[in-house]
Amino acid sequence: VYNGIRVMITCYVWMTGFGNFMFFQKTNDYSLHRILQMLWRLNFLVLFLCLTHGNRYILYYICPLHTYYFLMVLGVMYVGKERNHTRWWMRTKLGVLAIIIFIVWDCESYFGIFNLLHQFFLSDESVEGARMGTMWEWYFRSTLDHWSVLLGMVFAINYPITILWFKKIEVRSIRRQWMGKMAVTFGMLYALRTWVKGPLTYSKTQYNETNPYYGFIPLVTYIFLRNLTPTMRSYSMELLHEIGKTTLETYLMQHHIWLSSNSKTVLTFIPGWPRINLALVTCVYVLLSRKMHNLTLLLRTMILPDDREACIRSSVAMMVTIAGFYCTAFVVDEMDMTSLMSVGVVSIVCGTLLYQSVMDSTWATYRNAVKAAKRKLEADLGDSDDHITTTSDSEVTEDKETTISRFCPPLIGAMVVLVLGLTWNGFATTGARSIGPLPSTCDAFANNGSWIPFDGCNEASRGMAYRENQVSSYGMCLPHGNSHIWAWEKQASHTHCRFGHRDETQVKKVLNKRRVIFIGDSMTRNLYSASLRIMGVAGSGAYDATLPKHQGITSILWGTTPVVFKWAPLAVDQLAVLKEVNDNSVDGNTAQDLIVLGGGAWDRLHVYATDEDRQSHAATLKELSAEMLRSQQQNAAVVWLIPTTINSQALNTEEKRDHMREEDMEAMRSVYFKNGVLSASSFVLDGPTFTASRVSESFDGVHYPPQVYDAGAQILMNAIDWLLPLNEAEPVIPPQIGKMSNPMLGFMMLVLVGIGLFMFDGFLGFTYLASAFVKGLKPHDLHRQALRSSKKSSHHHDELSDPEANGNVLRSRLAKAKARKRAPKAKAKTSGNMDPEIAALIGR
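Residues numbered from 1 in each chain as written. Predicted model: local features only at pLDDT ≥ 70, side-chain atom pairs only at ≥ 80, totals over all residues. Heavy atoms only, no water.

Visitor: Can you break down the overall build of the protein chain residue by residue, with the values?
Guide: On a plain count of helices and strands, the protein chain comes out with 35 helices and ten strands. Expressed as a percentage of the 844 residues in the protein chain, the buried residues total 41%. Sequence separation of 24 or more characterises 77% of the internal contacts of the protein chain that already satisfy a separation of 6 or more. (Helix = DSSP H or I, 4+ residues; strand = E, 2+ residues; numbered from the N terminus. Buried < 20%, exposed > 50% of the residue type's maximum accessible area, 1.4 Å probe, protein only. Contact = heavy atoms within 4.5 Å.)

Right under this line is the structure:
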């Protein structure tokens, strides 16, 4: 999927080069307002997303990427623009650009020019959206498509030749026509096959290194095959056109609507119905994206009109307004006044001032424009001067501003701000929030869960088994499911307790370079093994009768994190080990960060027969509680594991059946509670919670299958979110700038661009394959004819785009057209050489 998405982005960047080149080549419009309008289109929405969400510009990398390449196209087209329609000037400029791209990106490891050009704007500091720093992120993103925009420009400059090539080949005989087209098709399909069998199958990292050099292959292949016949060229899909118009908005809104929390979570309207929820969220996402698209264009027309002075004035006013609001927000935040009321008051006051400023600066202009339009309309209708004067007088009377007209809009705006603020505050205080560590208040809910039966024999599971494992049917289907999955009860959104599965990557963020010790009996050992499985030790706890049962275990994870199990079945053993741990913690190098204790079963079985045993045991528990508090004072998190449920019928010795039944263990759990063990813990892991419903699976009455302990380990790993604060982020060392450069493949692209430019082929040489079957179709032979047509079209556009010459040209041509209508014989004589524009004017 990733590789396919990369191709789509390549197509998008290619279109940036193609579309902007075609615009500048046809219109020759390099005016300031046009450039500002384009920059507005690319950056309006992302600017306000950055301001309102506090995100970095680089997070929405598509916007800076297209802005960067738009300015590249603009710069290339603007230099020597007077000669852009000559035969070699434009191609020479693109050739120079190709060499610059080759040196900056493909030879970065040798010359370091990319780093030199960008070091004043980018850094290696890790930020949201650029974990490796903005310098590496920008190098990575721009390198992925650094040839795409130029290839789009090469296709654009050869576009007239491509059109002429199709016209020329399609007037040949059917046989010759298809021989030529098939030669090009087979050549392109062979290149496509090579790409599909090679780079497309690579892993993400490998593919990233090849995309700049091979990503264009499916694009140009599609363009050629899509336009293979006149019939295919005569059809298009309006749906794709509509989707394409809002591509920028859909990309931006995916971070906040289709997904949320900067694409880290899923927006949920209907919990428990993921497909219906997806359909609803997608509808909202598409509709809002289209609305944002329309709003962007509407505001662009209002704020950046075609008038140069008005455009500059609006731009300066907008920047001053945004800067003023930003400074106001900064002051409010520094004064620690970011409550709902203060933000609401500031928003209403600033909004009113902004509204009044806009009205004061634009109302007179609007009023005069309306008057002028009315006068012109009345003059066109032939109204008398008296009527015009009367109307003007009445307009003056009507234009007087009333108290209602002055104060109603700000009041309405204040009410809207108030309603939106209250709604927003309600969502913020009672709704979910972005993904982050669970708060300590989740301690009360961590053990609230149950085992959910999972039916592996329904239609969906059977279909998946057939597709992925070639299984036609299952051999076992139980009424309540073949397996069970541990799940937490749903908590209210405002608790922010979103428990979930923890994997090695998530656990490593918290436990890396920390010390963890488990102290207890075989129940604690099984929890230890389950925790190791979460941390990436897949075989931990596997059945092995050859290993000694009652001994400690030490594992070093990730080369930095010792995770130790100490065999201590009795309370006195646990006390002794914990004392040793606390005594050693005076030395910071051996201080434990997480201590997990558990016990009670061996005490009930072996040292709980007499009153003296019970009194001694209670005293030991009190000492144990004191040591647990001492551990917490030394900044260690202490977890107590309550003994799991006993399957009394499965106990395999008479002694156990006499002293360690479930009712006996329930009484022992109460003893630990009364003697303060639970209250001395940072967190209590309730063993019966995740074992009571699975008690029939306890094969010896005490122990359970590994997946049962996995549930306990998941509860524990969720709890470390609040038990252990996140480690300080280690300084990230970004890869070397230039890592993705490849001079050999870059030189290959340089050659292909040279073929496209100086052999006049938008398909980079592939259309020459048709010359083996059809004579006279080499692109360089068609160049002169296509250039003449392009010059003529450009000259005509320049004439009509000149506001002074426009009227004269049209009047002259209309006069000629009328003269030809009055002289039909002359028209008949010269109709063969008639200017096509005049023919269009007179309806021919």
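Visitor: Got a sec to walk through the sheet that holds strand 10 (residues 683-686)? Specific residues and values, please.
Guide: Taken in spatial order, the six strands line up as 6-7-5-8-9-10 in an open sheet, and their pairing is mixed. Of all strands in the sheet, those with a lone pairing partner are strand 6 (553-557) and strand 10, marking the two edges. If you compare each strand with its neighbour and ignore which way they point, the axes differ by 15 degrees on average. In this sheet, strand 8 (residues 594-598) lies alongside strand 5 (residues 516-520) in parallel orientation, the contact comprising five bridges. If you follow phenylalanine 518 over to strand 8, its bridge partner there is valine 596. The strands touched by helix 30 (residues 706-723) are strand 5, strand 8, strand 9 (637-642) and strand 10; relative to strand 10, the strand with the most contacts, the crossing angle is about 165 degrees. (Pairing = 2+ DSSP bridges. Axes fitted to C-alpha atoms, helices over the stretch in contact; angles between N-to-C directions.)

Visitor: An account of helix 16 (residues 274-303) is needed here, citing residue identities and associated values.
Guide: Note: α-helices contain 3.6 residues per turn, so residues at a spacing of three or four share the same orientation. Taking 1.5 Å per residue as the helical rise, helix 16 with its 30 residues ought to reach 44 Å, and the 42 Å between its terminal C-alpha atoms agrees with that figure. All of the buried residues in helix 16 are Asn277, Val281, Tyr285, Ser289, His293 and Thr296. On the buried face of helix 16, the contacting elements are helix 2 (32-53), helix 14 (238-245) and helix 15 (247-258). (Expected span 1.5 Å × (residues − 1).)

Visitor: For the state of the cysteines, give the residues involved together with the corresponding values.
Guide: Applying the stated criterion to the full structure yields one disulfide. Each disulfide pairs two cysteine sulfurs, and for cysteine 442 the partner residue is cysteine 497, the sulfurs being separated by 2.0 Å. Measuring the twist about the S-S bond at about -100 degrees, one finds the cysteine 442-cysteine 497 disulfide to be left-handed. With cysteine 442 in the loop between helix 20 (403-430) and strand 3 (449-454) and cysteine 497 in the loop between strand 4 (483-488) and helix 22 (504-511), this pair connects stretches of sequence that are 55 residues apart. We classify cysteine 442 as buried; its relative accessible area is 0%. Note on cysteine 497: relative accessible area 7%, which makes it buried. (Disulfide = S-S within 2.5 Å.)

Visitor: Account for the nonpolar core, with residues named and values stated.
Guide: Core analysis: the biggest nonpolar cluster contains 100 residues, and Leu94, Trp147, Leu150, Trp165 and Leu252 have the highest contact counts within it. Top element by residues in this core is helix 3 (residues 62-78). It accounts for ten residues. Once residues within four sequence positions are removed from consideration, leucine 150 is found in contact with Leu94, Leu97, Ala98, Ile101 and Val753. Val510, Leu511, Leu594 and Met668 belong to the second-largest nonpolar core, a separate cluster that totals 77 residues. (Core = buried A, V, L, I, M, F, W, Y, C linked by side-chain atoms within 4.5 Å.)

Visitor: Could you give an account of the pairing of strand 8, with specific residues and numbers?
Guide: Judged by how many residues are buried, strand 8 sits mostly within the fold: five of five residues are covered. Two elements, strand 8 and strand 9, share five bridges in a ladder whose sense is parallel. Bridging from a neighbouring strand, glycine 598 pairs with leucine 641 of strand 9.

Visitor: Describe empty space enclosed by the protein, naming the residues involved and giving the relevant values.
Guide: Evaluation of the coordinates by the stated rule reveals three cavities of 30 Å³ or more. Put simply, the largest cavity is a space of about 50 Å³. Among the elements that take part in the lining of the largest cavity, helix 9 (residues 159-169) stands out by supplying three residues, more than any other. Per-class residue counts for the lining of the largest cavity are five nonpolar, three polar and one charged. (1 Å grid on protein atoms, 1.4 Å probe; cavity = no way out; pocket = protein on both sides within 12 Å on 5 of 7 lines; lining within 4 Å. Points joined across faces, edges and corners; volume = space filled by probe spheres on them. Nonpolar A, V, L, I, M, F, W, Y, C, P; charged D, E, K, R; others polar.)

Visitor: Mind laying out a nonpolar patch on the surface, listing which residues take part and the relevant values?
Guide: On the surface, Leu32, Ile312, Val316, Met319 and Val320 cluster together into a nonpolar patch covering about 420 Å² of accessible area. With four residues, helix 17 (residues 308-334) is the single largest residue contributor to the nonpolar patch. Relative to the helices and strands, valine 320 is located in helix 17. By relative accessible area, which is 56% here, valine 320 ends up exposed. (Patch = residues over 30% accessible without salt bridge, like charges linked within 9 Å, V, L, I, M, F, W, Y side chains within 5 Å. Areas by Shrake-Rupley, 256 points an atom, 1.4 Å probe, with all protein chains shown as cover. Salt bridge = Lys/Arg side-chain N within 4 Å of Asp/Glu carboxyl O.)

Visitor: Any chance you could break down the pattern of salt bridges for me, citing the residues and the numbers?
Guide: Applying the stated rule across the entire model yields 20 salt bridges. Across the salt bridge formed by glutamate 242 and lysine 245, the nearest N and O atoms sit 3.3 Å from each other. Here glutamate 242 pairs with lysine 245, and both are found in helix 14, just three residues apart, close to one helical turn. Since its relative accessible area comes to 34%, lysine 245 is described here as partly exposed. For glutamate 654, the salt bridge goes to arginine 657, with nearest N and O atoms at 3.1 Å.

Visitor: Hey, could you go over unusual backbone geometry for me, with residue numbers and the actual values?
Guide: Trans is the prevailing form of peptide bonds, just as negative phi is the prevailing case for residues other than glycine. One non-glycine residue with positive phi stands out, namely aspartate 336, at about 55 degrees. Relative to the helices and strands, aspartate 336 resides in the loop between helix 17 and helix 18 (340-380).

Visitor: Break down helix 28 (residues 662-674) for me, citing the residues and quoting the values.
Guide: Here helix 28 contains 13 residues, and its C-alpha end-to-end distance of 19 Å stays within 8% of the 18 Å for a straight helix at 1.5 Å per residue. Of the surrounding secondary structure, the elements contacted by the buried residues of helix 28 are helix 24 (571-584), helix 25 (601-606), helix 26 (611-633), strand 9, helix 27 (654-659) and helix 29 (687-691). Positive backbone phi, at 85 degrees, marks glycine 676, one or two positions downstream of helix 28.

Visitor: Outline the packing of aromatic side chains, supporting the account with residue identities and numerical values.
Guide: All told, the structure shown has 36 aromatic pairs when counted by the stated rule. Considering the side-chain rings of phenylalanine 18 and tyrosine 159, the 5.9 Å spacing of their centres and the 80 degrees angle between planes classify their relative orientation as edge-to-face. Here phenylalanine 18, found in helix 1 (residues 2-27), pairs with tyrosine 159, found in helix 9; they are 141 residues apart in sequence, far enough to count as distant. Arranged with centres 5.2 Å apart and planes meeting at 75 degrees, the rings of phenylalanine 114 and tyrosine 139 form a pair that is edge-to-face. Here phenylalanine 114, found in helix 6 (residues 113-118), pairs with tyrosine 139, found in helix 7 (residues 134-144); they are 25 residues apart in sequence, far enough to count as distant. Look at phenylalanine 114 and you get buried, because its relative accessible area is 0%. (Phe/Tyr/Trp six-rings, centres within 6.5 Å; stacked < 30°, edge-to-face > 60°.)

Visitor: Help me get a handle on the side chain of asparagine 208, residues and values and all.
Guide: Structurally, asparagine 208 can be placed in helix 11 (residues 204-214). Residue class for asparagine 208 comes out buried when judged on its relative accessible area of 6%.

Visitor: Account for a positive patch on the surface, with residues named and values stated.
Guide: A cluster of basic side chains, namely Arg175, Arg176, Lys775 and Lys778, defines a positive patch on the protein surface. Note on placement: arginine 175 falls in helix 10 (residues 174-197). Exposure remark for arginine 175: the relative accessible area of 56% places this residue in the exposed category. (Lys, Arg positive; Asp, Glu negative; His and termini not counted. Charge placed at Lys NZ, Arg CZ, Asp CG, Glu CD.)

Visitor: Describe the side chain of aspartate 106, listing the residues and the values that go with them.
Guide: Along the chain, the position of aspartate 106 falls in helix 4 (residues 89-106). It is arginine 6 that comes nearest to the buried, bridge-free aspartate 106 among opposite-charge side chains, at 15 Å. Those residues in contact with aspartate 106, other than ones at most four positions away along the chain, are Ile101, His146, Trp147, Tyr213, Ser741, Asn742, Pro743 and Gly746.

Visitor: Can you break down the packing of helix 23 (residues 522-534) against helix 30 residue by residue, with the values?
Guide: Across the interface, helix 23 lies against helix 30 with an axial gap of 8 Å and an inter-helix angle of 75 degrees. Relative to helix 30, helix 23 is oriented roughly perpendicular. In this structure, helix 23 contributes Met523, Asn526, Leu527, Ala530, Ser531, Arg533 and Ile534 to the contact, and helix 30 contributes Pro706, Tyr709, Asp710, Gly712, Ala713, Gln714, Leu716 and Met717. Tallied by class, residues from the contact of helix 23 with helix 30 come to nine nonpolar, four polar and two charged. (Parallel < 35°, antiparallel > 145°, perpendicular 65-115°, else oblique.)

Visitor: Account for the packing of helix 7 against helix 11, with residues named and values stated.
Guide: Interaxial distance between helix 7 and helix 11 falls to 8 Å at its minimum, and their mutual angle equals 45 degrees. Regarding the angle of helix 7 to helix 11, the classification is oblique. Residues Phe140, Thr143 and Leu144 of helix 7 touch helix 11, and the partners they reach there are Asn208, Asn211 and Pro212. In the contact of helix 7 with helix 11, the residues fall into three nonpolar, three polar and no charged.

Visitor: I'd like a rundown of the confidence of the model for the protein chain, residues and numbers included.
Guide: Summary statistics for the protein chain give a mean pLDDT of 85 and a share of 88% for residues scoring 70 or more. Under a pLDDT of 50 for its full length, residues 796-810 has, in the predicted model, 13 contacts with residues more than four places off or in other chains. Every residue in residues 823-844 scores below 50 in pLDDT, and together they form 19 contacts with partners more than four places removed in sequence or on other chains. (pLDDT = per-residue confidence, 0-100.)

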